[in-house]
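# Observations on the three-dimensional arrangement
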Amino acid sequence: MPGPRSRPRRPMRGERRGVGVTTRIIVGVVVLTALGLVFSAVVAGIVHQRVVHARVDQALSQEVAELRTLAQEGRDAEGERFATLEHLLFEALRRNVPDHHEDFLVLIDGQIPFVASWEPRFTDREVQALAASASRIAPDTAPQLADLDHEGRRIRYVAVPVRVAGDPSQGVFVAAVDLDAEYDEATGMHRAYAVSAGLALLVVGVVSTLLLWRQLRPLRRLAATAERITEEDLSERIPEQGADDLARLTRTVNGMLDRLDRAFRDQRALLDDVGHELRTPLTIVSGHLEMMDATDPDDVAETRVLCLDELDRMSRLVDELVLLARSARPDFVDLRPTDIDDVVTGVLDRVRPLADRTWGIDATSGAVIDVDPNRLTQALLQLTSNAIRHTAEGDRIALGAVRSGDEVEVWVRDTGPGVPPEDQDAIFERFQRGSAPSGSGSGLGLSIVAAIAEAHGGRVDYRGMPGAGATFVISIPAQSTQAAPGVGPDRSEMSGHSDRTLEESS
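Residues numbered from 1 in each chain as written. Predicted model: local features only at pLDDT ≥ 70, side-chain atom pairs only at ≥ 80, totals over all residues. Heavy atoms only, no water.

A word on the sheet that holds strand S12 (residues 470-477). Pairing is mixed in the open sheet, where 5 strands are placed in the order S7-S9-S10-S12-S11. Each of the sheet's edge strands pairs with one partner strand only, and the pair in question is strand S7 (358-361) and strand S11 (459-464). This sheet shows a mean twist of 15° between the axes of neighbouring strands, independent of strand direction. Each of S7, strand S9 (396-404) and strand S10 (407-414) is contacted by helix H10 (residues 340-351), which is oriented at about 175° to S9, the strand it contacts most. (Pairing = 2+ DSSP bridges. Helix = DSSP H or I, 4+ residues; strand = E, 2+ residues; numbered from the N terminus. Axes fitted to C-alpha atoms, helices over the stretch in contact; angles between N-to-C directions. Contact = heavy atoms within 4.5 Å.)

Right, here's the structure in full:
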């Protein structure tokens, strides 16, 4: 039968859209710019309308003022008094020259005897409509400004009632302005604004595209690197450039990749080592159980003892591996102010009964720093256990502590054979037992010491010469160092391995 068909992966919503961040940002910038230009155009149009209205009203008010001045003078250009209304209004038209888009017309007893314009502006029908609207003004009233919308054409006019003493006729002087023509003068400016706005949008789109393409380059490199990275290869990193937010993001991602790479490498190494180390005791137990003669009580007892011993060794190995796995967790250490000298003397009290050695303390630090006293004690016990295994009866094992600059150094020193040169580079690696005859155990002890030191932000170093003893030094940052009573000697006393001891037992 044919196998089941694999269903194609359903694309996610973001994948169906297929619109990248760069495109969305550019579209957003262009749209916002366009909205800003449109808003500016609307505001400019409103302001321009008000300016045109103010200018037209000012021009019409000026015509009213000139007519009043002429009426108050009461004489024409030749000095003759105005005897009739027609004489006054004719003189007013003769003296005032209409502006562009402006017409004057005169009404006398409802008739239109005079019309004056720079060029014919209004049609006869519009003039008749103006006359009909202006004739409604009552005599002896103030001049009136009004708008007339005739067949889609907007007209702004002022109507001034006029009378002359001794003449029963009633007249109206009308000055009218074509508002549409006034607005049309700004049409060229509007076209220029539209062209410049289009060019501005084009420039904004091009420039924003170039800038975003350049600024988002680290993100594209990040995406490409993430696509190339696999579980088998985490070595590739993103090039770091600049000091902006994207550069900081790049450094953060590279740091994350470093941690992942280290975690994966440690995981693979741990799995390889565990598979190798646990296979041996399992093989031993399985082989002896298979070869055991169940009818022979002595053979059963010997096999039982051997299997239990191997199982105990496996249990210790698993406990140590669990401890190493926990060392990468943030809560592996519980930091609190601790007197380092109390930790050193406490470890000495614990280990003195374990072996017939010459025990002592080289130096004291007088420092109180933030450490986990339980983990530090565990590391020192592991180092002293190693020292016991590599020394003989009567050899000297000493502990000590000293402040050195910004660090506090705690050490365990012995007078054993030391570490052979060929083993010194690998002694802190997992399952490295060394080539010395006494190199027994799980091979995780010094790895645990190194993990505890690193969890405190410090390190562990080996200092010693073959045949002249071994010294393992744990260096811990003394960020919260306080002075403690009885500050011990300086680093030179530790490096010289003084024979002076505070306590000795043999």
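From this point, the discussion proceeds with the structure in view.
With that out of the way, let us pick up the nonpolar core. Counting residues in each nonpolar core, the largest one holds 49 residues, and the members touching the most others are Ile 340, Ile 369, Leu 376, Leu 380, Phe 472 and Ile 474. Top contributing element to this core by residue count: helix H12 (residues 445-455), with 7 residues. Leave out the neighbours within four places in its chain, and Ile 474 touches Leu 376, Ala 379, Leu 380, Leu 383, Val 408, Glu 409, Val 410, Val 449, Ala 453, Arg 459 and Val 460. Listed in part, the 26 residues of the second largest apolar core include Leu 88, Ile 108, Phe 114 and Val 164. (Core = buried A, V, L, I, M, F, W, Y, C linked by side-chain atoms within 4.5 Å. Buried < 20%, exposed > 50% of the residue type's maximum accessible area, 1.4 Å probe, protein only.)

This next bit is on the packing of helix H2 (residues 21-73) against helix H3 (residues 85-95). The relative placement of two packed helices is expressed as an angle between their axes plus a distance between the axes. Look at H2 against H3: their axes get within 10 Å of each other, and the N-to-C directions meet at 130°. Classified by the angle between their axes, H2 and H3 sit oblique to one another. As H2 packs across H3, the resulting crossing turns out to be right-handed. Seen from H2, the contacting residues are Leu 67, Leu 70, Ala 71 and Glu 73; seen from H3, they are Leu 88, Glu 91, Ala 92 and Arg 95. Its residues assigned to classes, the contact of H2 with H3 shows 5 nonpolar, no polar and 3 charged. (Parallel < 35°, antiparallel > 145°, perpendicular 65-115°, else oblique. Left-handed = near helix turned anticlockwise from the far one by under 90°. Nonpolar A, V, L, I, M, F, W, Y, C, P; charged D, E, K, R; others polar.)

Enumeration according to the criterion identifies 2 aromatic pairs in this entry. On the numbers, 5.5 Å between centres and 45° between planes, the contact of Phe 104 with Phe 173 is tilted. Within this pair, whereas Phe 104 is found in strand S1 (residues 102-108), its partner Phe 173 is found in strand S5 (residues 171-178), the two being separated by 69 residues in sequence. A relative accessible area of 0% places Phe 104 in the buried class. Centroid distance Tyr 462 to Phe 472: 5.2 Å. Interplanar angle 55°. Geometry classified as tilted. One end of the pair, Tyr 462, is in strand S11; the other, Phe 472, is in strand S12, with 10 residues separating them in the sequence. For Tyr 462, a relative accessible area of 15% corresponds to the buried category. Residue classification places Phe 472 among the buried residues on the basis of a relative accessible area of 8%. (Phe/Tyr/Trp six-rings, centres within 6.5 Å; stacked < 30°, edge-to-face > 60°.)

So, on to the packing of helix H11 (residues 373-389) against H12. At a closest axis distance of 9 Å, the pairing of H11 and H12 adopts a crossing angle of 150°. One finds that H11 runs roughly antiparallel with respect to H12. Read as a crossing pair, H11 and H12 show a hand that is left-handed. Residues Arg 375, Leu 376, Gln 378, Ala 379, Gln 382, Leu 383 and Asn 386 of H11 form the contact with H12, whose own contacting residues are Gly 445, Leu 446, Ile 448, Val 449 and Ile 452. Across the contact of H11 with H12, the residue classes tally to 7 nonpolar, 4 polar and 1 charged.

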